[in-house]
Amino acid sequence: MLSISDRVKSLKGSPIRRLTPFATAAKKRGIHVYHLNIGQPDIPTPASFMEGVRNAKIDVLSYSPAMGIAETIDAMVGYYAELGISLTRDDVIVTIGGSEAFCFALQATCNPGDEVLIPEPFYPNYMGHSIMNGNRVVPIRTRIEDGFHLPPMNEIERLITPKTKAILFSNPSNPTGVGYTHAEIEGLVKLALKHGLYVISDEPYRELMYEGEATSIMSFPEASQHAILVDSISKRLSACGARIGCLATRNKDVHAAVNKLCQIRLSPPTFEQLGLVAFLKDKNHKRDIAGIVRKFHARRDTLFDALQTIPGVVCRKPEGAFYIFVQFPQIDDSEAFAKYLLTDFETGGETVMVAPGADFYATPGRGTNEVRVAYVLEEPKLVRAVEVLKAGLATYVEEKAGVAAR
Ligand SMILES: Cc1ncc(COP(=O)(O)O)c(C=O)c1O
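By convention here, each chain's residues receive numbers from 1 onward along its written sequence. Two thresholds apply to this predicted model, a pLDDT of at least 70 for residue-level local features and 80 or more for giving and counting side-chain atom pairs, whereas whole-chain, interface and lining totals are computed over all residues.

Trainee: Describe in detail the site of the ligand, supporting the description with residues and values.
Mentor: To decide whether a residue is near a molecule or strand, its C-beta atom is placed from the backbone and checked for lying within 6 Å of it. As a structural note, the neighbourhood of the ligand is formed by 13 residues, with Gly97, Gly98, Ser99, Asn174 and Ser232 the closest of them. No other element matches the 3 residues that helix H5 (residues 97-109) contributes to the shell around the ligand. Three residue categories are used. Nonpolar comprises Ala, Val, Leu, Ile, Met, Phe, Trp, Tyr, Cys and Pro, charged comprises Asp, Glu, Lys and Arg, and polar comprises the others, including Gly. A class-by-class count of the residues in the shell around the ligand yields 3 nonpolar, 9 polar and 1 charged. The helix count covers DSSP runs of H or I at least four residues long, the strand count covers runs of E at least two residues long, and both are numbered beginning at the N terminus.

Trainee: Go over unusual backbone geometry, please, and point to the residues and values.
Mentor: Cis geometry is found at the peptide bond from asparagine 171 to proline 172, where omega equals -5°. Structurally, the position occupied by proline 172 is in the loop between strand E5 (164-170) and helix H8 (182-195). For phenylalanine 148, which is not glycine, the phi torsion reads 65° and is therefore positive. Along the chain, the position of phenylalanine 148 falls in the loop between strand E4 (136-141) and helix H7 (153-157). The residue serine 238 is not glycine, and still its phi comes out positive at about 45°. Secondary-structure assignment places serine 238 in the loop between strand E7 (227-232) and strand E8 (245-249).

Trainee: Account for helix H3 (residues 47-54), with residues named and values stated.
Mentor: Any residue with 12 or fewer other C-beta atoms within 10 Å of its own C-beta is exposed, any with 20 or more is buried, and the rest are partly exposed; the C-beta atoms used are placed from the backbone. All of the buried residues in H3 are Ser48, Phe49, Gly52 and Val53. Each buried residue of H3 sits inside an arc of 140° when the element is viewed along its axis, so together they form one side. Residues of H3 that are buried make contact with helix H10 (270-281) and helix H11 (285-307). Picture the helix axis, draw a direction to every C-beta atom, and the arc is the one those directions span. Whether two residues are in contact depends on their C-beta atoms, placed from the backbone: they are in contact if these lie within 7 Å.

Trainee: Tell me about the environment of glycine 348, residues and numbers included.
Mentor: Locating glycine 348 in the fold gives a position in the loop between helix H12 (334-343) and strand E10 (350-353). For glycine 348 and valine 388, which are 40 residues apart along the polypeptide, the C-alpha to C-alpha distance reads 8.9 Å.

Trainee: Before we move on, could you go through the sheet that holds E4 and cite the residues and values that matter?
Mentor: For two strands to be treated as a pair, DSSP must find no fewer than two bridges joining them. Taken in spatial order, the 7 strands of this open sheet run E2-E8-E7-E6-E5-E3-E4, and their pairing is mixed. Where the open sheet ends on each side, the last strands, each with one partner, are strand E2 (92-95) and E4. Between one strand axis and the next, the sheet turns through 20° on average, direction left out of account. Relative to strand E6 (residues 198-202), E5 is paired through 5 bridges, and the arrangement is parallel. Across the sheet, residue isoleucine 167 finds its bridge partner in E6, namely valine 199. Relative to the sheet, helix H4 (residues 70-82) contacts E2 and E8, its axis offset from that of E2 by approximately 115°. Lying over the sheet, H5 contacts E2, strand E3 (115-120), E5, E6, E7 and E8, oriented at roughly 160° with respect to E7. Lines fitted to the C-alpha atoms define the axes, with helices restricted to the stretch that makes contact. Angles between their N-to-C directions range from 0 to 180 degrees.

Trainee: Could you give an account of the pairing of E7, naming the residues involved and the relevant values?
Mentor: As a general feature of sheets, a regular strand has side chains that alternate between the two faces. Of all 6 residues that make up E7, 6 are buried, and the element is covered over most of its length. Alternating residues of E7 divide into Ala227, Leu229 and Asp231 and Ile228, Val230 and Ser232, and every residue in both groups is buried. Where E6 lies against E7, 4 bridges are found, and the strand directions are parallel. The partner of valine 199 across the bridge, within E7, is alanine 227. Pairing geometry for E7 and E8, over 5 bridges, is antiparallel.

Trainee: Quick one: what's the story with H12, residue by residue and with numbers?
Mentor: Taken together, the buried positions of H12 are occupied by Ser334, Phe337, Ala338, Tyr340, Leu341 and Leu342. Buried positions along H12 lie against helix H2 (20-28), E10, strand E11 (355-356), strand E12 (370-374) and helix H13 (379-405).

Next up, the structure:
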């Protein structure tokens, strides 16, 4: 009998994309949809990157080296050096986006049945790839009231079992925007050293910090054998379609293991690696990133202020990334609410798409009154999108109350 594998059957798809068919249908009805659901910035990719792609002189578009083009790796090492992160070309591997990097990190370090500790809410694809690798996600519970900062380390330590293999997190975080403090990362490092765990730190939003600075896992020399850095240019260069990321580790065994995984998937994209080299060689690259960061900073403040106008809303101003995780205590099924906005609601010919919260958690029942909002649109659009969201929430709550009264 033909059947789909159990692991794939247990995947839920992404909460960020699952409702897209409803958005497409709304657009077909002539409704404008504000996309606050996906971390896809509207900011132009830096010109130097695009020129690097256009100017690449290639006669045969051959496979690139499995671990990346040497020039790209060197350019990445230079980028880290500028940030005070000391890596060599033997530590860095080019991957097909950050997605492949954390997928490889799990595959290289965890056996089926092993457990991975992840602060929740988390980037939902961590769950998807953990499932595909046969691993169990053990959530570290964080709370909106604490700005999603980590609980005390002794609470986290209690979650560690003989099956625990790794701690995985994004910093600053998708979906909460929390930027973990140096003390928090240090606490995780201490736990990793004490219990022999890998620390997989996903840092694509590193520069997108508006309060303080992101602490890289690579800044703890004592964790050199435990630390695996996951990175991506998707966000900081507004280059999601480039599909360029990297995995960096000073652990030679992990590096060799990931090399094997690279060989069986052949190679990362060529043009985009050359685009990245051109970008990093351009003397203005820091200025370009700073310009992108400034835009997101202003958007964060605008979105946060706009959200405060929604009655009952609970959210904290995040330190970084480009998301706010928002609680609406008046709803109990944010997936139904997000769907309603696309199927049954519009105001002035407009509606809004948000990512429902439950799939950002491993704990059943959590996140059902929460949504993730991405500030990836220009400020006036964000302000209008929140007005639409506010109107949609009011109508949804009213209609639900009407149904309950009948
Ligand atoms: C924390 C985090 N890691 C990884 C990714 C995937 O990035 P990439 O486009 O590089 O695969 C995302 C994308 O949203 C993300 O937010």
